[in-house]
Amino acid sequence: MRHRNADAQAGGAGGPGHRSRIVPGYGDQTVTDQRVVTVVVPTFNRPDTAAALLRALAGQTLPSERFAVIVVDDCSGDDTVSRLAALASDLPYDLTILKTKANRGPGAARNVGWRAATTGLLAFLDDDCRPEPGWLEAGVGYLGDHPGAGVVQGLTRAPDGVDVHRLQGWYVWRVITAATPYFDRSEERRVGKECRSR
């Protein structure tokens, strides 16, 4: 597990089996493993919500050595970073936690995250999403089967029992059932160098 401010020097490592690395843009890259996809998650002042997502990602059918997770804390004023870091030893995948110097919104946080990733594929999730177990495997598989696809967007649904007609705005407790959204980094020039959202 990696945890630091986005402008700090790299240091420390996670529990047994976790690989330590220096994040690109902040030092030399030293990753030599078999990871194919990095999940990038922006968060702000929601440690319980983000922790539930990290636990859900532990149940993915894609083997944990095939993916990494980068959480970008968008300058939370609470204990989000320390609470997420405390989970690292219980998670089967590599976790990197970055913290920005200023709150600039989820789009800017996603940009920090994807720039720190070292894999060819990126998967973006918000901290209030709960991916179903086959989510990562489906996205990686689809992009592998369709090499011309640069971006994959899947279905987002409300959990059973939630009346979506009574919800105000776009806020919904989301369960991700397929690849949502994935980016092939080789397509960066075509789809744009910046992740623009909200």
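Above this text is the structure in question.
What counts, and where the lines are drawn
- Residues numbered from 1 in each chain as written.
- Predicted model: local features only at pLDDT ≥ 70, side-chain atom pairs only at ≥ 80, totals over all residues.
- Heavy atoms only, no water.
- Helix = DSSP H or I, 4+ residues; strand = E, 2+ residues; numbered from the N terminus.
- Buried < 20%, exposed > 50% of the residue type's maximum accessible area, 1.4 Å probe, protein only.
- Core = buried A, V, L, I, M, F, W, Y, C linked by side-chain atoms within 4.5 Å.
- Contact = heavy atoms within 4.5 Å.

A. How the structure looks around unusual backbone geometry. The phi angle at asparagine 45 is positive, at roughly 55°, despite the residue not being glycine. Checked against the element boundaries, asparagine 45 lands in the loop between β2 (37–43) and α1 (47–57). Among the residues examined, asparagine 45 registers a relative accessible area of 33% and is labelled partly exposed. In the Ramachandran plot, cysteine 75 falls in the positive-phi region, its phi being about 65° despite a non-glycine side chain. Positionally, cysteine 75 belongs in the loop between β3 (67–73) and α2 (80–87).

B. Highlighting helix α3 (residues 106–116). Along α3, nine of the eleven residues are buried, which leaves the element largely enclosed by surrounding structure. Considered for burial, the residues of α3 that qualify are Gly107, Ala108, Ala109, Arg110, Asn111, Val112, Gly113, Trp114 and Ala116.

C. Looking closely at the nonpolar core. Val39, Leu54, Val69 and Leu95 are the most contacted members of the largest nonpolar core, which totals 31 residues. Of all the elements in the fold, those that place two or more residues in this core are β2, α1, β3, α2, β4 (94–99), β5 (121–124) and α4 (135–145). Sort the elements by how many residues they give to this core and α1 lands first, with five residues. Setting aside residues up to four positions removed in sequence, valine 69 forms contacts with Val39, Leu54, Leu57, Tyr93, Asp94, Leu95 and Thr96. Counting eleven residues, the second-largest nonpolar core is a separate cluster that includes Ile70, Val72, Leu98 and Ala109.

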